[in-house]
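Fold and geometry: a report
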Amino acid sequence: MARTTLTRDEVLDAAASLVKQHGPAALTMRKLAAELGTAVTSIYWHVGNRESLLDALVERTVQDMGAILPVGRNPGDRILSVARILRRELRERPHLIAMVHERGLTDRMFLPAQQALVHEVHAAGLRGARAADAVRAIQFQIIGFVLVERNRERSPAQSPAESELWDPSGAPHDPPLARALARPVDPERLFLLSVRSLVQALLSPGR
């Protein structure tokens, strides 16, 4: 039996879930109606046609990406918190982020994160071009790291793999390094290490 009550937010939630799992190509009005247990006409009434639905999803994604609340006792910690939030949001919704990019709204989507970073580099005493360079360097580091992560996850199995290429016997000058490079990457640890090191360098008074 079809549902008699439905809200626009419920439609968008279900549509976003389908896109997150299977990509925009899998989003059809019929499939969405089946997911919600309602009639296709009800979907049209709440969000219009499929193109209007996609536009609404893009707008909602832009708004969601703006909900960044830095936490921490000092500017460096708060910048690191922004980086972690941004990485998490980018990783959780790659298909929706791609839709935002295709519609030319990427810069608008990232503006709240930039503004949060500007606030923190100002709090650290940076101004002018130096502050702008710091904001962009941090932003590029976050986005670039996510792109590398996604590429590694999508790439086919490598042969030989790093574990085979970094045999300790092949690096007698530094066996611990070889053993470390042979182990699987810990993306979270590496992300925090790289962003923290970059932020410390950028905020250093002597830079």
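Residues numbered from 1 in each chain as written. Predicted model: local features only at pLDDT ≥ 70, side-chain atom pairs only at ≥ 80, totals over all residues. Heavy atoms only, no water.

**What to know about helix 11 (residues 187-203)**
Residues spaced three or four apart along an α-helix point in a common direction, a consequence of the helix completing one turn every 3.6 residues. Here helix 11 is 17 residues long and its end C-alpha atoms lie 24 Å apart, about the 24 Å a rise of 1.5 Å per residue gives. Of all the residues in helix 11, the buried ones are Phe191, Leu192, Val195, Val199, Leu202 and Leu203. Take helix 11 and look down its axis: the buried residues cluster within an arc of 110 degrees, on one side only. The outward face of helix 11, more than 90 degrees from its buried face, is lined by the exposed residues Arg189 and Gln200. Contacts from the buried residues of helix 11 go to helix 5 (75-92), helix 7 (106-123) and helix 8 (128-154). (Helix = DSSP H or I, 4+ residues; strand = E, 2+ residues; numbered from the N terminus. Expected span 1.5 Å × (residues − 1). Buried < 20%, exposed > 50% of the residue type's maximum accessible area, 1.4 Å probe, protein only. Arc of directions from axis to C-beta. Contact = heavy atoms within 4.5 Å.)

**Side note on the packing of aromatic side chains**
Taken as a whole and assessed by the stated rule, the structure comprises one aromatic pair. The aromatic ring of Phe191 is capped on one face by Arg87, whose charged end is 5.0 Å from the ring centroid. (Phe/Tyr/Trp six-rings, centres within 6.5 Å; stacked < 30°, edge-to-face > 60°. Lys NZ or Arg CZ within 6 Å of the ring centre and 35° of its normal.)

**A word on the layout of surface pockets**
To find the voids left in a structure, one rolls a probe of water-molecule size over its atoms. By volume, the largest pocket is sized at about 480 Å³. In terms of lining, the largest pocket is formed by 20 residues, of which the most central are Arg152, Glu153, Ser155, Glu162 and Val185. Of all the secondary structure elements, the ones that give two or more residues to the lining of the largest pocket are helix 8, helix 9 (162-165), helix 10 (175-182) and helix 11. If one sorts the elements of the lining of the largest pocket by residue count, helix 8 sits on top with five residues. The class makeup of the residues in the lining of the largest pocket is twelve nonpolar, three polar and five charged. In this model, the second largest pocket occupies a volume close to 360 Å³. Leu90, Ile97, Ala98, Ile143 and Leu147 are, among the 13 residues lining the second largest pocket, the residues nearest its centre. At the level of elements, helix 6 (94-102), helix 7 and helix 8 are the ones that each hand at least two residues to the lining of the second largest pocket. (1 Å grid on protein atoms, 1.4 Å probe; cavity = no way out; pocket = protein on both sides within 12 Å on 5 of 7 lines; lining within 4 Å. Points joined across faces, edges and corners; volume = space filled by probe spheres on them. Nonpolar A, V, L, I, M, F, W, Y, C, P; charged D, E, K, R; others polar.)

**Topic: the confidence of the model for the protein**
The pLDDT averaged across the protein works out to 91; a share of 97% of its residues lies at or above 70. Helix 9 is the least confidently modelled element of the protein, averaging 84 in pLDDT, while helix 11 averages 97, the highest of any element. (pLDDT = per-residue confidence, 0-100.)

**What to know about the nonpolar core**
Val11, Leu27, Leu32, Ile43, Leu53, Leu57 and Val121 are the most contacted members of the largest nonpolar core, which has 54 residues in total. In this structure Val11 touches Leu6, Leu32, Leu36, Ile43, His46, Val47 and Leu53, once residues within four positions along its chain are discounted. (Core = buried A, V, L, I, M, F, W, Y, C linked by side-chain atoms within 4.5 Å.)

**A closer look at the environment of Asp174**
Looking at the element boundaries, Asp174 is found in the loop between helix 9 and helix 10. Measuring from C-alpha to C-alpha, the distance between Asp174 and Gln63 comes to 49 Å, with 111 residues separating the pair along the chain.

**Some words on the side chain of Glu120**
The topology assignment puts Glu120 in helix 7. Judged by relative accessible area, which is 3%, Glu120 ranks as buried. There is a polar contact of 2.7 Å between the side chain of Glu120 and the side chain of Arg78. (Polar contact = N/O pair within 3.5 Å; in protein donor to acceptor, adjacent residues only side chain to side chain.)

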